[in-house]
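Coordinates in review
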Amino acid sequence: MKVLARVVLIISAVVAVIILGLAFLPLNTPKREGKLTLPGLLSEVRVLRDYQGMAYIRAENMDDLMRAQGFVTAQDRLFSMELTRMMASGRISELVGEKGRKTDILMRSLGFLRQGRRHEKILDESVRRIHQAYVDGVNSFIAAGRDIPLEFSLAGIKPGPWTIADSLAIGYYMGWNSAANLKTEIIAQLLIDKLGPETARELWPLNINPDDLSDKPPPPPRAETGREPLGLARDGRLEILLAEGASHRLGSNNWSVGAKLSASGAPQVANDPHLDARILPGPWHPVGLITPEGRAVGATVPGLPGIIVGRTSHLALGVTNSYADTQDLYIETLDPEKPGYYLEGKKSIPLIMITEVLKIKDKKAPGGFREEEIVLQFTQRGPVVTDILPGLQTSRVMTVRWAPYETMTPSLGLDKIMSARSVEELKEGLNEITIISLNFVYADTLGNIGWQTTGRVPIRKAGDGVIPWEVLGSEDNWSGWIPPEKMPQQDNPKRGWIGTSNHKTVKSDYPYYFSSHFSPSYRYRRLTELLEGPEKKTPEDHWRYMRDTLNVMAREL
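First, a word on scope: everything that follows refers to the structure included in this document.

Thresholds applied
- Residues numbered from 1 in each chain as written.
- Predicted model: local features only at pLDDT ≥ 70, side-chain atom pairs only at ≥ 80, totals over all residues.
- Heavy atoms only, no water.
- Helix = DSSP H or I, 4+ residues; strand = E, 2+ residues; numbered from the N terminus.
- Buried < 20%, exposed > 50% of the residue type's maximum accessible area, 1.4 Å probe, protein only.
- Contact = heavy atoms within 4.5 Å.
- Areas by Shrake-Rupley, 256 points an atom, 1.4 Å probe, with all protein chains shown as cover.
- Pairing = 2+ DSSP bridges.
- 1 Å grid on protein atoms, 1.4 Å probe; cavity = no way out; pocket = protein on both sides within 12 Å on 5 of 7 lines; lining within 4 Å.
- Points joined across faces, edges and corners; volume = space filled by probe spheres on them.
- Nonpolar A, V, L, I, M, F, W, Y, C, P; charged D, E, K, R; others polar.

A word on the overall build of the protein. Broken down by element type, the protein carries 16 helices and 21 strands. Looking at the protein as a whole, 53% of its 557 residues qualify as buried. A fraction of 69% describes how many contacts in the protein between residues 6 or more apart in sequence connect residues 24 or more apart. Only carbon and sulfur atoms are counted for the fraction: they give 55% of the accessible area of the protein, which is about 26200 Å².

Structure representation (structure tokens):
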């Protein structure tokens, strides 16, 4: 999304200023040797770091482990955590001033922090306990005050207390950024506006699953396209969005091979989640988490406890983006006779109004900041995003709906990764993850391998979500959710390996619409070439495959 690209540029500029300042000011280096007193610990915790600085935390119980993880993460990444929190909660203008205002309005409209606060209230006690211990550890580092990173002084901000809702907001922010179909809907509507519905229909996305051996042709587009244009196609917006799509893209890969293809006779898992590693510090925080009950070594997003990718004493797992379509745009109708109301068929319903206050950095204002009150509008589906979401400059009122907001569970699911002792137990946890849609590929020490997709995907009465849905009656176009057991998945395939590369993973006989946006299948086709051979694979082979540069698309062209 363009707005996120703009924020990256803004933050990059801030980081550049910080780097220049480092040459002239002493660094605040966190204490990494000796002893520290951490309030709330039940027993002694040991933190050992390897030659790269990665922390391995040894604790006698889970409470101490999570508290220490929060503290160590704050030691390593407090400033990047603060930046992510400010972004997710719509507070970037506190850092960059007027340039961040539009981004903050969008983030406040999407409401990741509001959702985090709602979700916190329904958490299971065990899940709440893990998150509370983690944020207590973060806050202990902040409260000590002696090793606060220098970047805060250079940026002119201070770290505030951390809450469970902050961590959940970051989770929702990551989930939103991994969702993929929103831009496709905008481009599809732009094509309708510019070319007419029948011509635009011929340009709908075409995605191919190389594993689909069916002779059945792909079904024709099922989305209704006969309505009047929305007036989006102006000022070259279509050309801009299409040009953005032509740039080089990041792509994730993961795979697992079973015993018959493994030189060691044990399953192997390889993964490159491909969050942009050029960002320093990187988006992942690697850590080792060790108690008498088990050991986990992997990485998580700073601000979230536990691990998301890595290995434990019983299993290993990695992720790619599944590109499940969990977002829909809606064309709403305002009640012409009642200002502040919208129509559901013939029923007039008041718009929900939420007032929020932006704090914008401004050298001319008293104290260096000015405040601006904004009023956000919502229908029962979600926030009004007309003129807020890039590409939606239209006279019509448009809202966005997102499945994770409607499918909260008391368990986030991610906590089950560390406690699972088999693929079956892991899958139980993955079924509870609704906050983000990912392809998890995994293996356990019992010899099982497999793949499962997380999240909740709506079942749409219209068939697919290629274009915005126009609300004409009171009938909901989301009739339910694809059941977790029906989500794309497979265990112990006969060919001895399984993998995903952001490509279309469902086949033509899949009974539900899953998405209209995927990566091209060329990376997966190359992965198939590398893994299909009967020779046994070593860890060194997997490193080589991960770095393979042969472009099947270029070869075919």
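Judged by how many residues are buried, strand E3 (residues 253-257) sits mostly within the fold: five of five residues are covered. Residues Asn253, Trp255 and Val257 of E3 are buried on one face, and the alternating residues Asn254 and Ser256, pointing to the opposite face, are buried as well. One ladder, built from five bridges, connects E3 with strand E4 (residues 268-272); its direction is antiparallel. Following the sheet pairing, Asn254 is matched in E4 by Asn271. For E3 and strand E21 (residues 497-500), the ladder comprises four bridges, and the chain directions are antiparallel. Residue pairing in the sheet places Val257 in a bridge with Trp497 of E21.

Let us now look at the sheet that holds strand E14 (residues 397-402). An order of E14-E9-E18 is seen for the three strands of this open sheet, with the pairing classed as mixed. Edge positions in the open sheet fall to E14 and strand E18 (469-470), since each of these has one partner strand only. Summarising the sheet, strand E9 (residues 327-332) and E14 pair through six bridges and their orientation is antiparallel. Following the sheet pairing, Glu332 is matched in E14 by Val397.

Checked against the element boundaries, Phe518 lands in the loop between E21 and helix H14 (522-531). Judged by relative accessible area, Phe518 falls into the buried class, the value being 9%. A C-alpha to C-alpha distance of 8.2 Å links Phe518 and Ala180, two positions 338 residues apart in sequence. Those residues within four positions of Phe518 in sequence are excluded, and the remaining contacts are Asn207, Ser322, Tyr323, Asn502, His503 and Lys504.

With that settled, the discussion passes to the pairing of strand E1 (residues 46-49). In the sheet, E1 pairs with strand E2 (residues 55-58) via four bridges, with the strands oriented antiparallel. What sits directly across from Arg46, in E2, is Arg58. Connecting E1 to the next strand, E2, in antiparallel fashion are five residues, including Gly53 with a positive phi near 90 degrees.

Turning next to the layout of surface pockets. Of the pockets and cavities examined, the second largest pocket occupies roughly 1200 Å³. In this structure, the second largest pocket is lined by 34 residues; those nearest its centre are Val269, Asn271, Gly310, Arg311 and Trp543. For the lining of the second largest pocket, the secondary structure elements donating two or more residues are E4, strand E6 (294-300), strand E7 (309-312), strand E8 (315-321), strand E15 (438-444) and helix H15 (539-546). Here the lining of the second largest pocket is composed, by residue class, of 20 nonpolar, 10 polar and four charged.

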